[in-house]
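Okay, here's what each chain looks like letter by letter:
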Amino acid sequence: MLDITLSNDNSLALKNSDREIIDKVGWGEATDCDGSCAINPLESQSITRVGGADTDDNNQDFTVSDAPSPKAE
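Residues numbered from 1 in each chain as written. Predicted model: local features only at pLDDT ≥ 70, side-chain atom pairs only at ≥ 80, totals over all residues. Heavy atoms only, no water.

### Section: the overall build of the chain
Turning to step 1, where the next piece is worked out: When helices and strands are counted, the chain shows 1 helix and 4 strands.
Turning to step 2, where the next piece is worked out: Its helices and strands in sequence order give the chain the pattern β-β-β-α-β, from N to C terminus.
Turning to step 3, where the next piece is worked out: Burial analysis of the chain (73 residues in total) assigns 19% to the buried set.
Turning to step 4, where the next piece is worked out: Put simply, 11% of the contacts in the chain that link residues at least 6 apart link residues at least 24 apart.
Turning to step 5, where the next piece is worked out: For the chain, the accessible surface area stands at approximately 5700 Å², while carbon and sulfur atoms represent 49% of it. (Helix = DSSP H or I, 4+ residues; strand = E, 2+ residues; numbered from the N terminus. Buried < 20%, exposed > 50% of the residue type's maximum accessible area, 1.4 Å probe, protein only. Contact = heavy atoms within 4.5 Å. Areas by Shrake-Rupley, 256 points an atom, 1.4 Å probe, with all protein chains shown as cover.)

Laid out in structure tokens, this is it:
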């Protein structure tokens, strides 16, 4: 089985043009989360931001959902 991850440490940072972090998300066992970490999704799942507000708590701001699956037309 091939093990593919989005990042090595289960976290991503969004930076502005000055390279300042303006938002970040950490999930599962990440060590760098806003507040508490979002739940670690299973292989067939993803995490999705809930609503539009950023509460600076990844566990509140993200929910686990089924991963999107592109389909050929």
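After presenting the structure, the write-up continues.
### Section: the pairing of strand S2 (residues 21-26)
On a regular strand, one side chain projects to one face of the sheet and the next to the other, so that they alternate.
Turning to step 1, where the next piece is worked out: As defined by bridge partners, strand S1 (residues 11-15) adjoins S2 across 5 bridges and the pair is classed as antiparallel. For lysine 15, the partnering residue across the bridge sits in S2 and is isoleucine 21.
Turning to step 2, where the next piece is worked out: The hairpin formed by S1 and S2 contains 5 residues between the paired strands, and arginine 19 there has a positive phi angle of roughly 65°. (Pairing = 2+ DSSP bridges.)

### Re the state of the cysteines
Turning to step 1, where the next piece is worked out: This model, assessed by the stated rule, comprises 1 disulfide.
Turning to step 2, where the next piece is worked out: Two residues share a disulfide in this structure: cysteine 33 and cysteine 37, whose sulfurs sit 1.9 Å from each other. Judged by the sign of its S-S torsion, about 80°, the cystine formed by cysteine 33 and cysteine 37 is right-handed.
Turning to step 3, where the next piece is worked out: Looking at cysteine 37, the relative accessible area reads 22%, which means it is partly exposed. (Disulfide = S-S within 2.5 Å.)

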